[in-house]
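Chain and residue survey
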Amino acid sequence: MEDFMSYVNFQRMNECIELLSTITKLPLGIMDCSGKLLCNRGIKGVIIDNLKTPLQESTLFSEYSLIPGENKRACFLPISTGKKVHAYLVSIISSEMKKDTIKKIKFLEYFRDFISYSLFYTTEQNDIKNQLNLIFETDTKLSEKNCLAYASKEKAFRLAYFDSLYSFMPNRNYLKLFGEEITHSSKPFILLYLDISGLKVIKDTLGYRTADTWLKRTMKKLMDSLSPDEKVFRWEEDAFIFIFGSTERTYIKNKAEVLLNIVEEPCEISDSKVKLSEHIGSVIYPEDSISFEELVRKACITVRTSQITGNRTLKYYDEKISEKIVEKLEIEKDIEKALAEKEFFLSYQPVFDAQNNLLYCFEALIRWKHPNKGIILPSEFIPTAEKTDFIERIGEWVIEEVFSKIQELGKLGYDNLKFSLNISVRQIGNRNFLEYIELCMKKYSVKPENIILEITETVMINNFSKDINEFFYRLKEMGFKIALDDFGSGYSSISYLKNIPFDIIKIDKIFIDKISEEGVEKLFIKTALAIGEKLGKQIIAEGVESEQQKKLLLLEGCRLLHGYIFSKPIKDGELLTYLDYSRKISKTAGCNP
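Residue numbers here run from 1 along each chain, matching the order of that chain's written sequence. Per-residue local features are limited, in this predicted model, to residues with pLDDT of at least 70; the limit for side-chain atom pairs, both in listing and counting, is 80 or more; totals at the level of whole chains, interfaces and linings are taken over all residues. Side-chain metrics in this entry use all non-hydrogen atoms of the structure; hydrogen atoms and water are not considered.

Pairing of aromatic side chains here covers Phe, Tyr and the six-membered ring of Trp, requires ring centres within 6.5 Å, and sorts the geometry by plane angle: under 30 degrees stacked, over 60 edge-to-face, intermediate tilted. What the rule picks out here adds up to 18 aromatic pairs. On the numbers, 5.4 Å between centres and 50° between planes, the contact of Phe344 with Trp368 is tilted. Residue Phe344 is located in strand 13 (residues 344–353), and its partner Trp368 is located in strand 14 (residues 358–370); the two are separated by 24 residues in the primary sequence. The pair formed by Phe344 and Trp368 is uniform in burial state, with each residue classed as buried. When the NZ atom of lysine or the CZ atom of arginine is within 6 Å of a ring's centre and also within 35 degrees of its normal, the charge is said to sit over that ring. Its end group placed over the ring of Tyr316, Arg249 keeps NZ or CZ at 3.9 Å from the ring centre. Secondary structure elements follow DSSP: runs of H or I of four or more residues count as helices, runs of E of two or more count as strands, with numbering from the N terminus. Between buried and exposed lies partly exposed: a residue is buried under 20% and exposed over 50% of the maximum accessible area for its type, with that area taken using a 1.4 Å probe on protein chains only.

Listed below in structure tokens is the structure:
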């Protein structure tokens, strides 16, 4: 079996068999699926060729084959990766099956997984011998107590170097050892980094059990898709690293497509359909680096490139593109620091009923006071945050700040104000979000009629589903108003406006900027206003900056406006002063239209 010998080191195989044979005092050998002995200690090759019962790949160690003409049996232990059986550990035992013999067989069964792991995932040249000696130490007695003790040590080894969810897949600890070995070799190889997107969303919406069931099935499929000389390791909770000896790009491209299809394949678990997306990046040794740690880092950067561009196909490392990705990774680190150091702050943009000169609401706008770069607008850091868990932490911080401000102003007599705030795609559909916002309402004594929750049109279209639609209806039942932000910036669809319970449609600033021209933009505004009237939606025009724009919008029937013509965003600490001043010049300040 040439392919078996090509990826299992002969010296390591012999070391493993020699040590096990010494301990058990049993004749042992490694046999391929055709019955050929690859190495042995005390087994005659001829007797294997004359087995009475043909060997099947499904044969378990507890099944035995009689050896014609001798008072002996041959027993087999499959050596496998996942469901694939590549060879067998074979031993010759007495047909009487004495108690001592059964103990010895049981002893080998304790090490079933370890033998497979050792032959398929080895590190240093004498690694197997060192690992087995570490487990057995100097005690070679085969008492049941010692067998259990040995099994416990073997289990500790597996816990350290193999995945806790799917025990046949090695983890990042083993990869580090494996990486050190293969980078000492002069042979080139390709490293693929596979990142699965949305696993946390599945855990939050469908539960950990569903997510783990999907992940375990997927890990098994990923392992089963590989050839014997190809390796996969679980690097992070939702990331895997593959090692391929072939550097032929067409072959790797096809392999990558197989891996991508495995992850994208819809799977039904407990009446829930699970489908995730992924991105994959690749680096070449020694072309991209001779350091294994650096190869992994560059592969991760390549994956981030794929995530940002939205391209699911295999990408190879590119130094020029990677410089931009490194900048984004630095932003991620800075965001984490900003959350800890409280560098984020809110400003509030007033929205007016311009026809009646009444304050309608305040839109909460997040800003970042970076210690070195100054004020950073959300367009520069929110897209990066949305690729990570930071967006949820930022979203929760915004909710707490806004609700706290409503409570503070309410105690000062401004208890009829409305505030609008954006929610992210990660919050949409998350059952924990609904529970969280209910807790915040109780904590700050905030009524839902004081809150408008906004979602951008692009996010809505790209993530629409039945579950998300139900999520919005649940928010409506709780009493919140829902606004569709940046309407017209994406691929607008009347069906979304009709089916999703939006109360407010906010026309994107790009159309307001050109309202004075007789073009598509003005026609779009007229159409949006007509749709709003027909469907019973309120319309807000964003970014009004001139008297001409204000006048034209009012003529078209759009009375809810915000922009610099009314006020620049008001800093948190100046909001009360602004309200007190407004109260002096207008008795209607803080009222609803």
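All right, on to the side chain of Glu230 then. Following the sequence through the fold, Glu230 ends up in the loop between helix 10 (208–224) and strand 7 (231–236). For the purposes of these results, a polar contact is taken to be a pair of N or O atoms within 3.5 Å, where, inside protein, one atom must be able to donate a hydrogen and its partner to accept one; residues adjacent in sequence count only when each atom of the pair is a side-chain atom. At 2.9 Å, the side chain of Glu230 and the backbone nitrogen of Ser227 are in polar contact. We call two residues in contact when some of their heavy atoms are within 4.5 Å. If sequence neighbours within four positions are ignored, Glu230 has contacts with Ile243, Phe244, Tyr251 and Lys255.

Between Tyr285 and Pro286 the backbone carries a cis peptide bond, its omega angle lying at 0°. Residue placement: Pro286 occurs in the loop between strand 11 (277–285) and helix 12 (292–309). Its identity is not glycine, yet Ser445 carries a phi of approximately 55°, on the positive side. As for its position among the elements, Ser445 is in the loop between helix 16 (431–444) and strand 17 (451–456).

We now examine the confidence of the model for the protein. With 75% of its residues at a pLDDT of 70 or more, the protein shows a mean pLDDT of 79. Each residue carries a pLDDT value, the predictor's own confidence for that position, ranging from 0 to 100. Within the model, the stretch residues 50–54 combines pLDDT values under 50 with nine contacts to residues more than four positions away or in other chains. Between residues 122–129, whose pLDDT stays under 50, and residues either more than four places distant or in other chains, the model counts 25 contacts.

Attention shifts here to the nonpolar core. Side chains of a nonpolar character, in soluble globular proteins, are inclined to be buried together. What we call a nonpolar core is a set of buried Ala, Val, Leu, Ile, Met, Phe, Trp, Tyr and Cys residues that are connected through their side-chain atoms within 4.5 Å. Judged by nonpolar contacts, the single largest core of 79 residues is most densely connected at Ile335, Phe362, Val402, Phe403 and Phe472. No other element matches the nine residues that helix 15 (residues 390–411) contributes to this core. Residues contacting Val402, with those up to four places away along its chain left out, are Leu346, Tyr348, Ala364, Phe419, Leu421 and Ile451. Ranked by size, the runner-up nonpolar core spans 30 residues in total, among them Trp214, Leu259, Leu276 and Leu314.

Time to look at the pattern of salt bridges. Here, a salt bridge means any Lys or Arg side-chain nitrogen found within 4 Å of an Asp or Glu carboxyl oxygen. The full count for this structure, using the stated rule, is 20 salt bridges. The partner of Arg234 in a salt bridge is Asp163, with the nearest N and O atoms 2.9 Å apart. Pair noted here: Arg234 is in strand 7 and Asp163 is in the loop between helix 7 (144–161) and helix 8 (172–182), with a separation of 71 residues, a long-range link. Residue class for Arg234 comes out buried when judged on its relative accessible area of 11%. Across the pair Glu438 and Arg474 runs a salt bridge whose closest N-O atoms are separated by 3.8 Å. In this pair, Glu438 sits in helix 16 while Arg474 sits in helix 18 (residues 466–478), placing the two residues 36 residues apart along the sequence. Beyond isolated ion pairs, a larger network of salt bridges with shared partners links Glu363, Glu454, Asp485, Lys506 and Glu542.

Two strands qualify as a pair provided DSSP detects at least 2 bridges between them. Overall, mixed pairing links the five strands, which are arranged 7-8-6-11-12 in an open sheet. Only two strands of the sheet have a single partner each, and these edge strands are strand 7 and strand 12 (315–316). Here two bridges tie strand 11 to strand 12, and the two strands are oriented parallel to one another. By the bridge assignment, Ser282 is partnered in strand 12 with Tyr316. Each of strand 6 (189–197), strand 8 (239–244), strand 11 and strand 12 is contacted by helix 11 (residues 249–264), which is oriented at about 155° to strand 11, the strand it contacts most. To obtain each axis, a line is fitted to C-alpha atoms, and for helices this fit is confined to the stretch in contact; angles are then taken between N-to-C directions over 0 to 180 degrees.

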